[in-house]
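# Summary of the model geometry
Here are the chains, one letter per residue:
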Amino acid sequence: HWRRRRRRTQPLLLPHLPWRHELHSLPTSPSYATVLNSSISNLRFALPDVGKPAAVVLPASKRDLQGAVLCARNSSLAIRVRSGGHSYEGLSYTTENRVPFVVIDLANLNRVRVDAGSATAWAESGATLGELYYAVGRSSRSLAFSAGSCSTIGLGGIVSGGGFGLLSRKFGLAADNVLDAVLVDADGRALDRATMGRDVFWAIRGGGGGSWGVVYAWKLRLVPVPRNVTVFSLGRTGPVELIAGLIHRWQFVAPSLPDDFYLSVYLPTGGVGSSSSSDGNVSVSFSGQVLGPKHRALSALRQSFPELGLTESELAETSWLDATAQFAGLDTAADLSNRLLGRSKQYFKGKSDYVRSPISRRAMAGIVRYLSTGPPRQGQGQGAGYVILDPYGGAMARIGSSDTPCPHRAGTLYGVQYQEPRAAYVNYLDLDLGTNNWTASVGGSSEAAVARARSSWGVAYFGDNFNRLVRAKTAVDPGNVFNNAQSIPPL
Ligand code: FDA
(Lines give C-alpha, C1' and ligand atoms only; values in the text may rest on other atoms or scores of the structure.)
Protein backbone atom coordinates (compact mmCIF):
# COMPACT_ATOMS: atom_id res chain seq x y z
CA HIS A 1 0.00 0.00 0.00
CA TRP A 2 2.72 2.46 1.02
CA ARG A 3 5.02 1.33 -1.78
CA ARG A 4 2.34 1.90 -4.41
CA ARG A 5 1.79 5.42 -3.15
CA ARG A 6 5.45 6.19 -2.80
CA ARG A 7 6.11 7.83 -6.17
CA ARG A 8 3.03 10.04 -6.15
CA THR A 9 3.07 11.39 -2.64
CA GLN A 10 5.38 13.93 -1.17
CA PRO A 11 7.31 14.30 0.93
CA LEU A 12 8.58 10.79 1.46
CA LEU A 13 11.19 10.69 4.11
CA LEU A 14 14.62 9.34 3.51
CA PRO A 15 15.54 6.86 6.17
CA HIS A 16 18.83 7.58 7.89
CA LEU A 17 19.37 4.17 9.37
CA PRO A 18 22.58 2.34 8.52
CA TRP A 19 20.83 -1.02 9.11
CA ARG A 20 17.86 -0.05 6.96
CA HIS A 21 17.95 -3.27 4.95
CA GLU A 22 18.18 -5.68 7.85
CA LEU A 23 14.98 -7.45 8.82
CA HIS A 24 16.27 -8.81 12.09
CA SER A 25 19.36 -8.81 14.26
CA LEU A 26 20.40 -11.71 16.52
CA PRO A 27 22.85 -11.58 19.44
CA THR A 28 25.43 -13.12 17.07
CA SER A 29 24.89 -10.46 14.36
CA PRO A 30 27.52 -7.71 14.10
CA SER A 31 24.74 -5.11 14.13
CA TYR A 32 22.99 -6.44 17.28
CA ALA A 33 24.31 -3.97 19.86
CA THR A 34 24.01 -1.01 17.48
CA VAL A 35 20.45 -1.86 16.55
CA LEU A 36 19.37 -2.62 20.13
CA ASN A 37 20.99 0.49 21.61
CA SER A 38 20.04 2.79 18.72
CA SER A 39 16.94 4.27 20.28
CA ILE A 40 17.46 3.54 23.98
CA SER A 41 16.79 6.90 25.54
CA ASN A 42 17.28 6.01 29.20
CA LEU A 43 20.81 4.65 29.55
CA ARG A 44 19.89 2.83 32.80
CA PHE A 45 18.40 0.17 30.55
CA ALA A 46 21.43 -0.15 28.26
CA LEU A 47 23.60 -1.45 31.11
CA PRO A 48 25.06 -4.97 30.72
CA ASP A 49 23.06 -6.46 33.62
CA VAL A 50 19.73 -5.65 31.92
CA GLY A 51 18.26 -8.73 30.12
CA LYS A 52 18.69 -8.57 26.33
CA PRO A 53 16.26 -9.77 23.63
CA ALA A 54 16.64 -13.04 21.71
CA ALA A 55 16.30 -10.95 18.54
CA VAL A 56 15.46 -7.48 17.33
CA VAL A 57 13.04 -7.78 14.42
CA LEU A 58 12.74 -4.86 12.02
CA PRO A 59 9.57 -5.25 9.92
CA ALA A 60 9.51 -3.16 6.75
CA SER A 61 5.84 -3.65 5.89
CA LYS A 62 2.52 -4.38 7.57
CA ARG A 63 2.86 -7.98 6.41
CA ASP A 64 6.30 -8.30 7.99
CA LEU A 65 4.83 -6.92 11.20
CA GLN A 66 1.97 -9.44 11.20
CA GLY A 67 4.50 -12.24 10.56
CA ALA A 68 6.73 -11.01 13.37
CA VAL A 69 3.87 -11.14 15.90
CA LEU A 70 2.91 -14.69 14.87
CA CYS A 71 6.52 -15.84 14.81
CA ALA A 72 7.15 -14.50 18.31
CA ARG A 73 4.06 -16.28 19.61
CA ASN A 74 5.11 -19.56 17.99
CA SER A 75 8.50 -19.35 19.65
CA SER A 76 6.98 -18.55 23.08
CA LEU A 77 8.88 -15.30 23.35
CA ALA A 78 7.33 -12.30 25.04
CA ILE A 79 6.80 -9.42 22.61
CA ARG A 80 8.16 -5.96 23.22
CA VAL A 81 7.19 -3.32 20.67
CA ARG A 82 9.45 -0.34 20.13
CA SER A 83 8.82 2.77 18.06
CA GLY A 84 11.04 5.61 19.31
CA GLY A 85 12.52 3.91 22.40
CA HIS A 86 11.72 6.81 24.76
CA SER A 87 9.92 4.76 27.40
CA TYR A 88 10.95 6.26 30.76
CA GLU A 89 11.24 2.76 32.22
CA GLY A 90 12.59 0.95 29.14
CA LEU A 91 9.41 -1.10 28.73
CA SER A 92 9.78 -1.35 24.94
CA TYR A 93 12.99 -3.39 25.17
CA THR A 94 13.07 -5.10 28.60
CA THR A 95 10.96 -7.67 30.49
CA GLU A 96 10.24 -8.30 34.14
CA ASN A 97 11.83 -11.33 35.80
CA ARG A 98 14.10 -11.98 32.79
CA VAL A 99 11.25 -13.53 30.76
CA PRO A 100 12.80 -14.30 27.29
CA PHE A 101 11.61 -11.84 24.66
CA VAL A 102 11.91 -10.38 21.21
CA VAL A 103 11.88 -6.69 20.33
CA ILE A 104 9.74 -5.76 17.35
CA ASP A 105 11.32 -2.45 16.38
CA LEU A 106 9.30 -0.28 14.01
CA ALA A 107 12.19 2.00 12.97
CA ASN A 108 11.78 0.89 9.34
CA LEU A 109 8.04 1.61 9.41
CA ASN A 110 8.42 5.38 9.36
CA ARG A 111 6.52 6.50 6.27
CA VAL A 112 4.27 9.54 6.46
CA ARG A 113 1.70 10.47 3.86
CA VAL A 114 0.14 13.92 4.17
CA ASP A 115 -3.06 14.95 2.43
CA ALA A 116 -3.03 18.73 2.84
CA GLY A 117 -6.41 19.03 1.09
CA SER A 118 -8.25 17.09 3.78
CA ALA A 119 -5.80 18.15 6.53
CA THR A 120 -5.08 14.55 7.44
CA ALA A 121 -2.04 12.28 7.43
CA TRP A 122 -1.45 8.56 7.63
CA ALA A 123 1.74 7.89 9.55
CA GLU A 124 3.37 4.58 10.31
CA SER A 125 4.01 4.15 14.05
CA GLY A 126 7.79 3.95 13.72
CA ALA A 127 7.94 7.52 12.39
CA THR A 128 9.39 9.97 14.87
CA LEU A 129 7.63 13.20 15.77
CA GLY A 130 10.36 15.02 13.82
CA GLU A 131 9.66 12.97 10.70
CA LEU A 132 5.94 13.62 11.03
CA TYR A 133 6.35 17.36 11.73
CA TYR A 134 8.71 17.76 8.79
CA ALA A 135 6.32 16.01 6.40
CA VAL A 136 3.38 18.09 7.65
CA GLY A 137 5.23 21.43 7.68
CA ARG A 138 6.64 20.84 4.21
CA SER A 139 3.22 20.05 2.79
CA SER A 140 1.75 23.35 4.00
CA ARG A 141 3.00 26.25 6.13
CA SER A 142 -0.47 26.47 7.64
CA LEU A 143 -0.76 22.90 8.92
CA ALA A 144 0.65 21.28 12.04
CA PHE A 145 0.12 18.34 14.38
CA SER A 146 -0.40 18.54 18.14
CA ALA A 147 2.08 16.32 20.03
CA GLY A 148 5.31 16.53 22.04
CA SER A 149 8.40 18.67 21.67
CA CYS A 150 11.23 16.11 21.49
CA SER A 151 11.74 15.22 17.81
CA THR A 152 12.97 11.63 18.29
CA ILE A 153 9.94 10.31 20.19
CA GLY A 154 8.13 7.57 18.25
CA LEU A 155 4.51 7.96 17.22
CA GLY A 156 3.78 4.44 18.45
CA GLY A 157 4.46 5.32 22.08
CA ILE A 158 3.47 8.96 22.32
CA VAL A 159 0.07 8.68 20.67
CA SER A 160 -0.69 5.50 22.65
CA GLY A 161 -0.12 7.41 25.91
CA GLY A 162 -1.71 10.76 25.01
CA GLY A 163 0.93 13.15 23.67
CA PHE A 164 1.07 16.63 25.19
CA GLY A 165 2.85 19.52 23.50
CA LEU A 166 2.91 23.18 22.61
CA LEU A 167 -0.36 23.01 20.67
CA SER A 168 -2.31 20.99 23.24
CA ARG A 169 -3.97 23.99 24.94
CA LYS A 170 -5.47 24.79 21.55
CA PHE A 171 -6.04 21.35 20.00
CA GLY A 172 -5.73 18.74 22.76
CA LEU A 173 -3.42 15.74 22.92
CA ALA A 174 -2.08 13.80 19.96
CA ALA A 175 -4.52 11.02 20.94
CA ASP A 176 -7.44 13.48 20.69
CA ASN A 177 -6.55 13.94 17.02
CA VAL A 178 -6.54 10.31 15.89
CA LEU A 179 -9.19 9.57 13.26
CA ASP A 180 -8.38 5.94 12.53
CA ALA A 181 -5.63 3.39 13.17
CA VAL A 182 -4.45 -0.02 12.03
CA LEU A 183 -3.83 -2.38 14.95
CA VAL A 184 -2.12 -5.76 14.52
CA ASP A 185 -3.60 -7.99 17.24
CA ALA A 186 -2.26 -11.09 18.98
CA ASP A 187 -3.50 -13.32 16.11
CA GLY A 188 -1.71 -11.21 13.52
CA ARG A 189 -4.92 -9.67 12.18
CA ALA A 190 -4.88 -6.06 11.01
CA LEU A 191 -7.88 -4.25 12.53
CA ASP A 192 -9.06 -0.75 11.71
CA ARG A 193 -11.36 1.57 13.65
CA ALA A 194 -14.47 -0.24 12.46
CA THR A 195 -13.24 -3.78 13.04
CA MET A 196 -11.42 -3.31 16.34
CA GLY A 197 -14.58 -2.09 18.10
CA ARG A 198 -15.35 1.05 20.10
CA ASP A 199 -13.71 0.08 23.38
CA VAL A 200 -10.44 -0.93 21.75
CA PHE A 201 -10.32 2.17 19.50
CA TRP A 202 -10.89 4.21 22.66
CA ALA A 203 -8.20 2.29 24.59
CA ILE A 204 -5.40 2.67 22.04
CA ARG A 205 -5.77 6.49 22.16
CA GLY A 206 -4.27 7.14 25.58
CA GLY A 207 -4.46 3.78 27.39
CA GLY A 208 -0.68 3.39 27.13
CA GLY A 209 1.42 1.43 24.63
CA GLY A 210 2.17 -2.26 24.79
CA SER A 211 -1.20 -3.57 26.05
CA TRP A 212 -3.42 -3.89 23.00
CA GLY A 213 -1.38 -5.13 20.05
CA VAL A 214 0.92 -3.26 17.70
CA VAL A 215 -0.43 -0.07 16.17
CA TYR A 216 0.96 -0.22 12.65
CA ALA A 217 -0.25 3.24 11.53
CA TRP A 218 -2.36 6.19 12.64
CA LYS A 219 -4.67 8.44 10.65
CA LEU A 220 -4.18 11.89 12.15
CA ARG A 221 -6.17 15.11 12.06
CA LEU A 222 -3.86 18.00 11.19
CA VAL A 223 -4.57 21.38 12.73
CA PRO A 224 -4.42 24.94 11.34
CA VAL A 225 -1.62 27.30 12.37
CA PRO A 226 -0.82 30.84 11.16
CA ARG A 227 2.04 31.30 8.67
CA ASN A 228 4.08 32.76 11.53
CA VAL A 229 4.06 31.91 15.20
CA THR A 230 5.85 33.78 17.99
CA VAL A 231 8.41 31.91 20.08
CA PHE A 232 10.52 32.76 23.08
CA SER A 233 12.67 31.32 25.81
CA LEU A 234 13.10 33.72 28.70
CA GLY A 235 15.83 33.11 31.24
CA ARG A 236 15.33 34.82 34.59
CA THR A 237 17.87 34.81 37.42
CA GLY A 238 17.57 36.14 40.94
CA PRO A 239 17.21 35.33 44.64
CA VAL A 240 15.02 32.35 45.61
CA GLU A 241 12.12 34.55 46.78
CA LEU A 242 11.99 36.44 43.49
CA ILE A 243 12.09 33.34 41.27
CA ALA A 244 9.57 31.54 43.50
CA GLY A 245 7.32 34.60 43.19
CA LEU A 246 7.45 34.38 39.39
CA ILE A 247 6.62 30.68 39.34
CA HIS A 248 3.88 31.19 41.93
CA ARG A 249 2.31 33.86 39.73
CA TRP A 250 2.74 31.69 36.61
CA GLN A 251 0.31 29.15 38.12
CA PHE A 252 -2.52 31.68 37.90
CA VAL A 253 -1.56 33.05 34.48
CA ALA A 254 -0.51 30.17 32.21
CA PRO A 255 -3.54 27.85 32.55
CA SER A 256 -5.94 30.72 31.85
CA LEU A 257 -4.20 32.43 28.93
CA PRO A 258 -6.06 32.27 25.58
CA ASP A 259 -5.78 28.85 23.88
CA ASP A 260 -3.24 30.24 21.38
CA PHE A 261 -0.71 30.67 24.18
CA TYR A 262 1.63 28.07 25.63
CA LEU A 263 3.93 29.18 28.45
CA SER A 264 5.89 26.55 30.38
CA VAL A 265 8.42 26.61 33.22
CA TYR A 266 11.78 24.86 33.28
CA LEU A 267 13.47 24.90 36.67
CA PRO A 268 16.85 23.15 36.84
CA THR A 269 18.60 21.98 39.97
CA GLY A 270 21.72 23.77 41.17
CA GLY A 271 22.07 27.48 41.66
CA VAL A 272 23.66 29.95 39.33
CA GLY A 273 27.36 29.48 38.66
CA SER A 274 29.44 26.33 38.61
CA SER A 275 29.23 25.50 42.30
CA SER A 276 25.80 25.02 43.77
CA SER A 277 24.07 28.36 44.49
CA SER A 278 27.29 29.99 45.64
CA ASP A 279 25.90 33.48 45.03
CA GLY A 280 22.45 32.65 46.38
CA ASN A 281 20.80 33.16 43.00
CA VAL A 282 18.75 30.65 41.02
CA SER A 283 17.60 30.51 37.41
CA VAL A 284 14.38 29.57 35.74
CA SER A 285 13.27 29.72 32.13
CA PHE A 286 9.85 30.34 30.68
CA SER A 287 9.43 28.94 27.18
CA GLY A 288 6.55 29.66 24.99
CA GLN A 289 4.81 29.76 21.69
CA VAL A 290 1.94 31.98 20.61
CA LEU A 291 -0.14 31.26 17.53
CA GLY A 292 -0.03 34.83 16.36
CA PRO A 293 2.24 37.83 15.79
CA LYS A 294 4.73 39.32 18.21
CA HIS A 295 2.68 42.38 19.06
CA ARG A 296 -0.23 40.23 20.24
CA ALA A 297 2.05 38.03 22.34
CA LEU A 298 3.72 41.06 23.84
CA SER A 299 0.59 42.95 24.79
CA ALA A 300 -1.20 39.89 26.22
CA LEU A 301 1.78 38.73 28.27
CA ARG A 302 2.64 42.23 29.50
CA GLN A 303 -0.90 42.64 30.69
CA SER A 304 -1.39 39.24 32.32
CA PHE A 305 2.14 38.66 33.58
CA PRO A 306 3.89 42.05 34.04
CA GLU A 307 6.27 40.53 36.64
CA LEU A 308 7.99 38.68 33.80
CA GLY A 309 9.35 41.96 32.41
CA LEU A 310 8.98 40.76 28.82
CA THR A 311 10.67 42.87 26.12
CA GLU A 312 10.04 42.80 22.38
CA SER A 313 13.61 41.73 21.60
CA GLU A 314 13.00 38.46 23.47
CA LEU A 315 10.32 37.41 20.97
CA ALA A 316 10.83 36.01 17.45
CA GLU A 317 8.39 35.27 14.64
CA THR A 318 8.95 32.16 12.56
CA SER A 319 7.08 29.32 10.84
CA TRP A 320 5.59 26.58 13.02
CA LEU A 321 8.02 24.10 11.46
CA ASP A 322 11.09 26.20 12.31
CA ALA A 323 9.72 26.80 15.80
CA THR A 324 9.34 23.05 16.23
CA ALA A 325 12.97 22.48 15.23
CA GLN A 326 14.04 25.18 17.66
CA PHE A 327 12.12 23.64 20.58
CA ALA A 328 13.68 20.26 19.71
CA GLY A 329 17.14 21.83 19.94
CA LEU A 330 17.89 21.33 16.23
CA ASP A 331 19.64 23.76 13.89
CA THR A 332 17.30 23.54 10.92
CA ALA A 333 13.84 22.25 10.09
CA ALA A 334 15.40 19.64 7.77
CA ASP A 335 17.15 18.13 10.81
CA LEU A 336 13.71 17.05 12.04
CA SER A 337 13.60 14.43 9.29
CA ASN A 338 16.82 12.81 10.52
CA ARG A 339 15.83 10.46 13.34
CA LEU A 340 19.42 10.19 14.52
CA LEU A 341 19.72 13.90 15.34
CA GLY A 342 18.56 15.51 18.58
CA ARG A 343 18.34 12.19 20.43
CA SER A 344 18.76 12.65 24.16
CA LYS A 345 20.49 9.76 25.91
CA GLN A 346 20.76 10.08 29.67
CA TYR A 347 20.52 8.09 32.89
CA PHE A 348 17.30 9.30 34.45
CA LYS A 349 14.30 8.61 36.64
CA GLY A 350 11.14 10.58 35.87
CA LYS A 351 8.07 11.25 37.96
CA SER A 352 4.93 13.11 37.03
CA ASP A 353 1.94 14.59 38.80
CA TYR A 354 -0.92 16.99 38.15
CA VAL A 355 -1.61 20.14 40.16
CA ARG A 356 -5.26 21.08 40.73
CA SER A 357 -4.88 24.04 43.08
CA PRO A 358 -1.97 26.49 43.12
CA ILE A 359 0.99 25.72 45.35
CA SER A 360 1.37 28.48 47.96
CA ARG A 361 4.10 31.06 47.58
CA ARG A 362 5.80 29.81 50.72
CA ALA A 363 5.83 26.19 49.53
CA MET A 364 7.04 27.33 46.11
CA ALA A 365 9.96 29.11 47.75
CA GLY A 366 10.73 25.87 49.61
CA ILE A 367 10.70 23.90 46.34
CA VAL A 368 12.94 26.41 44.56
CA ARG A 369 15.35 26.52 47.50
CA TYR A 370 15.46 22.72 47.70
CA LEU A 371 16.13 22.35 43.98
CA SER A 372 18.88 24.95 44.14
CA THR A 373 20.86 22.62 46.39
CA GLY A 374 20.76 19.79 43.80
CA PRO A 375 23.52 19.04 41.32
CA PRO A 376 24.26 21.88 38.88
CA ARG A 377 24.29 21.48 35.13
CA GLN A 378 27.50 20.29 33.54
CA GLY A 379 28.40 20.48 29.86
CA GLN A 380 25.43 19.77 27.62
CA GLY A 381 22.86 19.95 30.40
CA GLN A 382 24.06 16.62 31.76
CA GLY A 383 23.98 15.91 35.46
CA ALA A 384 21.26 18.30 36.53
CA GLY A 385 17.78 17.39 37.62
CA TYR A 386 14.87 19.61 36.67
CA VAL A 387 11.19 20.27 37.05
CA ILE A 388 9.03 21.13 34.05
CA LEU A 389 5.60 22.66 34.54
CA ASP A 390 3.28 22.26 31.53
CA PRO A 391 0.18 24.49 31.52
CA TYR A 392 -3.22 22.87 30.94
CA GLY A 393 -6.50 24.74 30.50
CA GLY A 394 -7.90 25.70 27.09
CA ALA A 395 -8.87 22.69 24.97
CA MET A 396 -7.36 20.37 27.58
CA ALA A 397 -10.11 21.44 29.97
CA ARG A 398 -12.90 21.24 27.40
CA ILE A 399 -12.28 17.62 26.38
CA GLY A 400 -14.15 15.20 28.65
CA SER A 401 -12.18 13.13 31.15
CA SER A 402 -13.58 9.87 29.72
CA ASP A 403 -13.50 10.85 26.02
CA THR A 404 -10.12 9.09 25.92
CA PRO A 405 -8.40 7.09 28.67
CA CYS A 406 -6.41 10.24 29.66
CA PRO A 407 -8.47 11.54 32.60
CA HIS A 408 -6.51 14.65 33.61
CA ARG A 409 -8.55 17.40 31.97
CA ALA A 410 -10.87 20.05 33.50
CA GLY A 411 -9.66 21.17 36.92
CA THR A 412 -6.04 20.33 36.18
CA LEU A 413 -3.95 23.51 36.22
CA TYR A 414 -0.71 22.02 35.05
CA GLY A 415 1.39 18.87 34.75
CA VAL A 416 4.52 18.60 36.85
CA GLN A 417 7.33 16.22 37.66
CA TYR A 418 7.27 15.93 41.41
CA GLN A 419 8.09 13.56 44.25
CA GLU A 420 5.42 11.37 45.86
CA PRO A 421 2.91 11.81 43.05
CA ARG A 422 -0.82 11.41 43.60
CA ALA A 423 -1.62 11.20 39.90
CA ALA A 424 0.61 10.48 36.92
CA TYR A 425 0.88 10.64 33.12
CA VAL A 426 1.24 7.22 31.50
CA ASN A 427 3.78 8.52 28.98
CA TYR A 428 5.99 9.48 31.94
CA LEU A 429 6.05 5.90 33.20
CA ASP A 430 7.05 5.35 36.79
CA LEU A 431 7.52 1.77 38.01
CA ASP A 432 7.71 2.99 41.63
CA LEU A 433 3.90 3.15 41.45
CA GLY A 434 3.77 -0.68 41.21
CA THR A 435 4.23 -3.40 38.56
CA ASN A 436 2.45 -6.47 37.23
CA ASN A 437 5.40 -8.76 38.04
CA TRP A 438 4.70 -11.15 35.13
CA THR A 439 6.80 -14.33 35.20
CA ALA A 440 5.88 -15.81 31.80
CA SER A 441 5.87 -14.50 28.25
CA VAL A 442 2.04 -14.54 28.00
CA GLY A 443 -0.96 -15.07 30.32
CA GLY A 444 -0.63 -14.85 34.11
CA SER A 445 -3.49 -12.46 34.75
CA SER A 446 -6.11 -12.86 37.46
CA GLU A 447 -8.69 -10.83 39.36
CA ALA A 448 -6.05 -10.16 41.98
CA ALA A 449 -3.67 -8.87 39.31
CA VAL A 450 -6.35 -6.50 38.01
CA ALA A 451 -7.15 -5.29 41.54
CA ARG A 452 -3.45 -4.74 42.29
CA ALA A 453 -2.98 -2.78 39.06
CA ARG A 454 -6.09 -0.69 39.68
CA SER A 455 -5.15 0.34 43.20
CA SER A 456 -1.57 1.30 42.39
CA TRP A 457 -0.59 2.72 39.01
CA GLY A 458 -3.94 2.09 37.25
CA VAL A 459 -5.85 4.83 39.05
CA ALA A 460 -2.89 7.24 39.07
CA TYR A 461 -2.65 7.11 35.28
CA PHE A 462 -6.25 6.58 34.27
CA GLY A 463 -8.59 7.44 37.17
CA ASP A 464 -12.10 6.07 36.58
CA ASN A 465 -11.17 5.06 33.03
CA PHE A 466 -9.20 2.06 34.30
CA ASN A 467 -12.20 -0.32 34.33
CA ARG A 468 -13.04 0.39 30.68
CA LEU A 469 -9.41 -0.25 29.78
CA VAL A 470 -9.62 -3.67 31.44
CA ARG A 471 -12.77 -4.36 29.38
CA ALA A 472 -11.00 -3.36 26.16
CA LYS A 473 -7.97 -5.46 27.03
CA THR A 474 -10.13 -8.50 27.77
CA ALA A 475 -11.83 -8.06 24.39
CA VAL A 476 -8.74 -7.58 22.23
CA ASP A 477 -6.06 -9.61 24.03
CA PRO A 478 -7.58 -12.06 26.56
CA GLY A 479 -4.42 -14.20 26.46
CA ASN A 480 -2.28 -11.25 27.61
CA VAL A 481 0.13 -11.62 24.69
CA PHE A 482 0.91 -7.91 24.77
CA ASN A 483 2.09 -7.24 28.27
CA ASN A 484 4.70 -5.31 30.20
CA ALA A 485 5.40 -4.21 33.75
CA GLN A 486 2.48 -1.75 33.68
CA SER A 487 0.31 -3.06 30.83
CA ILE A 488 -3.42 -3.35 31.45
CA PRO A 489 -4.14 -6.89 32.71
CA PRO A 490 -7.14 -8.78 31.22
CA LEU A 491 -9.83 -10.35 33.37
P1 FDA B 1 8.91 3.38 23.05
O2 FDA B 1 9.24 2.81 21.73
O3 FDA B 1 9.84 3.13 24.18
O4 FDA B 1 7.43 2.93 23.44
C5 FDA B 1 6.79 3.36 24.63
C6 FDA B 1 5.68 2.36 25.00
O7 FDA B 1 4.76 2.25 23.93
C8 FDA B 1 6.21 0.94 25.23
O9 FDA B 1 5.39 0.30 26.20
C10 FDA B 1 6.03 0.29 23.89
O11 FDA B 1 5.94 -1.12 23.94
C12 FDA B 1 4.75 0.92 23.38
N13 FDA B 1 4.71 1.02 21.93
C14 FDA B 1 5.65 1.58 21.12
N15 FDA B 1 5.25 1.52 19.84
C16 FDA B 1 4.03 0.93 19.84
C17 FDA B 1 3.12 0.59 18.80
N18 FDA B 1 3.38 0.86 17.53
N19 FDA B 1 1.97 -0.02 19.13
C20 FDA B 1 1.68 -0.29 20.43
N21 FDA B 1 2.52 0.00 21.45
C22 FDA B 1 3.68 0.61 21.16
N23 FDA B 1 5.65 13.02 26.13
C24 FDA B 1 4.78 14.00 25.80
O25 FDA B 1 3.57 13.78 25.83
N26 FDA B 1 5.24 15.23 25.43
C27 FDA B 1 6.57 15.52 25.36
O28 FDA B 1 6.95 16.63 25.01
C29 FDA B 1 7.50 14.49 25.72
N30 FDA B 1 8.84 14.71 25.69
C31 FDA B 1 9.73 13.69 25.97
C32 FDA B 1 11.11 13.91 25.89
C33 FDA B 1 11.99 12.87 26.18
C34 FDA B 1 13.47 13.13 26.09
C35 FDA B 1 11.50 11.60 26.58
C36 FDA B 1 12.45 10.48 26.91
C37 FDA B 1 10.13 11.38 26.65
C38 FDA B 1 9.23 12.42 26.36
N39 FDA B 1 7.86 12.22 26.43
C40 FDA B 1 6.99 13.24 26.09
C41 FDA B 1 7.32 10.91 26.86
C42 FDA B 1 7.00 10.06 25.64
O43 FDA B 1 5.77 10.48 25.09
C44 FDA B 1 6.84 8.58 26.05
O45 FDA B 1 8.03 8.14 26.61
C46 FDA B 1 6.40 7.74 24.86
O47 FDA B 1 5.79 6.56 25.32
C48 FDA B 1 7.58 7.41 23.97
O49 FDA B 1 7.18 6.79 22.78
P50 FDA B 1 8.28 6.00 21.93
O51 FDA B 1 7.60 5.35 20.79
O52 FDA B 1 9.42 6.90 21.65
O53 FDA B 1 8.80 4.96 23.00
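Just so it is clear, the structure is predicted and the values come from calculations on it, not from any experiment.

Within strand E6 (residues 120-124), four of the five residues are buried, leaving the element largely enclosed by the surrounding structure. Relative to E6, strand E5 (residues 112-115) runs antiparallel, the two sharing four bridges. Looking across to E6, one finds that Asp-115 is bridged to Thr-120. Between E5 and E6, which pair antiparallel in sequence order, lie four residues; one of them, Ala-119, sits at a positive phi of approximately 50°. Bridge count between E6 and strand E10 (residues 214-221): five bridges; the pairing is antiparallel. Bridging from a neighbouring strand, Trp-122 pairs with Lys-219 of E10.

What follows concerns helix H3 (residues 62-74). Along its 13 residues, H3 runs 19 Å from first to last C-alpha, staying within 8% of the 18 Å computed at 1.5 Å per residue. The inward-facing, buried residues of H3 abut strand E2 (55-57), strand E3 (78-82), strand E4 (101-105), strand E8 (178-184) and E10. Ser-76, located one to two residues past H3, shows a positive phi value of around 55°.

For the protein, mean pLDDT is 92; residues scoring 70 or higher make up 91% of the total. Contacts for the low-pLDDT stretch residues 1-15, under 50 throughout, to residues beyond four places or in other chains number 14 contacts. In the predicted assembly, ipTM is 1.00 and pTM is 0.92.

Quick look at the site of the ligand now. Around the ligand sit 36 residues in total, of which Gly-84, Gly-154, Gly-156, Gly-157 and Gly-209 are the nearest. Only E3, helix H5 (155-161) and E10 provide two or more residues apiece to the shell around the ligand. Element by element, the count of residues in the shell around the ligand is highest for H5, at five residues. Its residues placed into classes, the shell around the ligand shows 11 nonpolar, 23 polar and two charged.

UniProt marks residues 49-225 with the feature "domain: FAD-binding PCMH-type" (unreviewed entry), using the numbering shown here. Each end of residues 49-225 is marked by a C-alpha atom, and these two atoms are 47 Å apart; helix forms 25% of the span and strand 24%.

On to the domain arrangement of the protein, then. According to the domain assignment, the protein consists of domain 1 (21-108) and domain 2 (229-318 + 347-416). Taking only C-alpha atoms, the centre of domain 1 and the centre of domain 2 are 36 Å apart.

Conventions used here
- Residues numbered from 1 in each chain as written.
- Predicted model: local features only at pLDDT ≥ 70, side-chain atom pairs only at ≥ 80, totals over all residues.
- Buried ≥ 20, exposed ≤ 12 C-beta atoms within 10 Å, placed from the backbone.
- Helix = DSSP H or I, 4+ residues; strand = E, 2+ residues; numbered from the N terminus.
- Pairing = 2+ DSSP bridges.
- Expected span 1.5 Å × (residues − 1).
- Contact = placed C-beta atoms within 7 Å.
- pLDDT = per-residue confidence, 0-100.
- Near = placed C-beta within 6 Å.
- Nonpolar A, V, L, I, M, F, W, Y, C, P; charged D, E, K, R; others polar.
- UniProt positions renumbered as here; feature names shortened; annotations may be inferred.
- Domains from an automatic or database assignment.

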